Amino acid sequence: MARFLSRPLASPARHSLTLGAPALAAGSMEPRCCCCSSSPPRLLFLLLLLLGTSGFFQSYAVEVDVKDASNATCLYAKWMMRFLIKYETNSSDYKNTTLNLSSSVTHNGSVCGNDTQAALLAVQFGEGHSWSINFTKTNETYQGDFITFTYNTNDTAVFPDAKRKGPITIVVKDTMRPVQLNNVFVCHNTDFFEAENVTQIFWNVTVQAFVQNGTIGKKESRCRADTPTSAPTVPPTIANVTTASTTTLSPAPTAAPKPVENPDTGNYSLKSGNKTCLLATVGLQLNVSQDKPLLININPKTTSADGACGNTTATLKLNDGNSTLIGFTFVVKNASASVQKFYLKEVNVTLLNRLNGSVISNADNNNFSKWDAFLGSSYMCRKEQTLEINEYLQIHTFNLWIQPFLVKANKFSTAEECFADSDLNFLIPIAVGMVLGFLIILVFVSYIIGRRKSRTGYQSV
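Procedures and definitions
- Residues numbered from 1 in each chain as written.
- Predicted model: local features only at pLDDT ≥ 70, side-chain atom pairs only at ≥ 80, totals over all residues.
- Heavy atoms only, no water.
- Patch = residues over 30% accessible without salt bridge, like charges linked within 9 Å, V, L, I, M, F, W, Y side chains within 5 Å.
- Areas by Shrake-Rupley, 256 points an atom, 1.4 Å probe, with all protein chains shown as cover.
- Salt bridge = Lys/Arg side-chain N within 4 Å of Asp/Glu carboxyl O.
- Helix = DSSP H or I, 4+ residues; strand = E, 2+ residues; numbered from the N terminus.
- Buried < 20%, exposed > 50% of the residue type's maximum accessible area, 1.4 Å probe, protein only.
- pLDDT = per-residue confidence, 0-100.
- Contact = heavy atoms within 4.5 Å.
- Pairing = 2+ DSSP bridges.
- Disulfide = S-S within 2.5 Å.

Undergrad: I'd like a description of a nonpolar patch on the surface, backed by residues and values.
TA: Together, Ile441, Phe444, Val445, Tyr447, Ile448 and Ile449 make up an exposed nonpolar region whose accessible area comes to about 580 Å². Relative to the assigned elements, Ile448 resides in helix H1 (residues 419–454). Under the relative-accessibility criterion, Ile448 is labelled partly exposed at 35%.

Undergrad: Describe the side chain of Thr89, listing the residues and the values that go with them.
TA: Topologically, Thr89 is positioned in the loop between strand S4 (73–88) and strand S5 (94–100). By relative accessible area, Thr89 is classed as buried at 1%.

Undergrad: Lay out the confidence of the model for the chain in plain terms, naming residues and giving numbers.
TA: Chain-level pLDDT for the chain is 76 on average; 72% of the residues reach the 70-or-more range. Within the chain, no element has a lower average pLDDT than strand S16 (residues 238–240), which sits at 36, and none a higher one than strand S26 (residues 378–381), at 96. In this model residues 1–58 is a low-confidence stretch, pLDDT under 50, and it forms 174 contacts with partners more than four residues away in sequence or in other chains. In the predicted structure, residues 229–257 sits below a pLDDT of 50 and forms 18 contacts with residues beyond four places in sequence or in another chain.

Undergrad: Go over the pairing of strand S19 (residues 294–297), please, and point to the residues and values.
TA: Of the two faces of S19, the one carrying Leu294 and Ile296 and the one carrying Leu295 and Asn297 are both buried. In this sheet, S19 lies alongside strand S18 (residues 275–288) in antiparallel orientation, the contact comprising four bridges. Opposite Leu286, over in S19, you have Ile296 as the bridge partner.

Undergrad: Outline the environment of Gly217, listing residues and values.
TA: Relative to the assigned elements, Gly217 resides in the loop between strand S14 (198–209) and strand S15 (219–222). Relative accessible area serves as the criterion here: at 12%, Gly217 is assigned to the buried category. Those residues in contact with Gly217 that lie beyond four places of it in its chain are Asn182, Val184 and Gln208.

Undergrad: I'd like to hear about the pairing of strand S8 (residues 129–137), residue by residue, with values.
TA: Judged from the seven bridges that link them, strand S7 (residues 119–125) and S8 form a sheet pairing that is antiparallel. Along S8, the bridge assignment pairs Ala119 with Phe135. Joining the antiparallel neighbours S7 and S8 is a turn of three residues, in which Gly126 adopts a positive phi near 60 degrees. Strand direction decides the pairing type here: S8 and strand S9 (residues 141–152), joined by seven bridges, are antiparallel. Following the sheet pairing, Lys137 is matched in S9 by Tyr142.

Undergrad: Tell me about the pattern of salt bridges, and please be specific about residues and values.
TA: Per the stated rule, a full pass over the model turns up seven salt bridges. Here Lys173 ties to Asp145 by a salt bridge, and the two come within 2.9 Å at their closest N and O atoms. Within this pair, whereas Lys173 is found in strand S10 (residues 167–173), its partner Asp145 is found in strand S9, the two being separated by 28 residues in sequence. A salt bridge links Asp372 to Lys341; the shortest N-O distance between them is 3.3 Å. Pair noted here: Asp372 is in strand S25 (residues 370–374) and Lys341 is in strand S23 (residues 341–352), with a separation of 31 residues, a long-range link.

Undergrad: Any details on the state of the cysteines? Residues and values, ideally.
TA: Scanning the entire structure with this criterion turns up four disulfides. One disulfide bridge connects Cys277 with Cys309, the sulfur atoms lying 2.0 Å from each other. Taking the torsion about the S-S bond as the criterion, the Cys277 to Cys309 disulfide, at about 65 degrees, is right-handed. Placement of Cys277 in strand S18 and of Cys309 in strand S20 (residues 304–309) is noted, with a sequence separation of 32 residues between them. Cysteines bonded in the chain are numbered consecutively along the chain; their disulfide partners then correspond to 1-2, 3-4, 5-6, 7-8.

What follows is the structure, given as structure tokens:
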């Protein structure tokens, strides 16, 4: 089998592979697990910007031109990708690692595909890692079906002190929209898929399956992220904090900084089978201060919810479809006691660079003990709250109402309010009581003064 090379993005290598009968992937395995749920990395791990860093973080572009038995191109792809993986160590804690394509990539098992057989693009790299995607075809369109990724924890350079040894395979449903036959799919902006503690990041993607007459199509089908809009260059979900200039060339009228608006409130839910198992209503705002102050409002209109519900653990994962992944983990305390409560235990945030898929920051705090309420009820806090993820990152929540367990009839149960709200409710009757008390004292004093004025001199003495 020919060798398949990858190069830095500036000069990607091109490889032509002639296929007769489809070859089986060397060392291929059946997937050990299959899941399409999200799971971003969650251990406290703040990464530096990967742009311009050392070769360890160097990303390589991959280009493949698969040819059929007649030496005509049948499948073409060029893309860049990176993987964020959380794994367990021998000391039972968790570490995050980044897996990049190596400088050389081998190719086995690709299939051109036809009207009855799916096309398959597969690559192998590093110490036993592999990635593949299959494409299905209709009379007029083609689209990605499933992405299969296998990483090998025996690679000690990437997974030092890994508790579980050997290949681990995950399968993710591709969300690629159908593309017209003879069109090439292009997506320059960052896209990502999450499953089983792995975030797969892709950018600068060009792909065409079921190439007709051996000629790559000239008409492009762009991904949603690349679709031109009339929006400003800065994404509308990001609000820069206005700072005063220290030097001015000439006097200019000063204007008050425009206050950043609170985020819109989003409604999110998870299902287990046909039943809703988690409900959440919240407005989210990120406060990032690593390089310069930056407020990011999460837009609920472009944010999708995923996660998992369990008897004692529930996870809500939000993907804003832009560059932000947020995960909330809830647990039940006193699980064996007759009176049980749930609370927020962990929050993780991953910020990605939209242009090249690099990780701006990956932060986690798993020592929370907030938003607690009795099991079977919900938790509500209308006022703004702040979750301190680390010294560089905070999450502000607004109009929060959440129930991660025992949801009935797709509705929130009776809410237990936060201290901020309950304190306000508690102060109202106190204030009313104080006013009434003051009025009673005023009436009593007035009564005494009135009686003193109506008495005779002898009675007054």
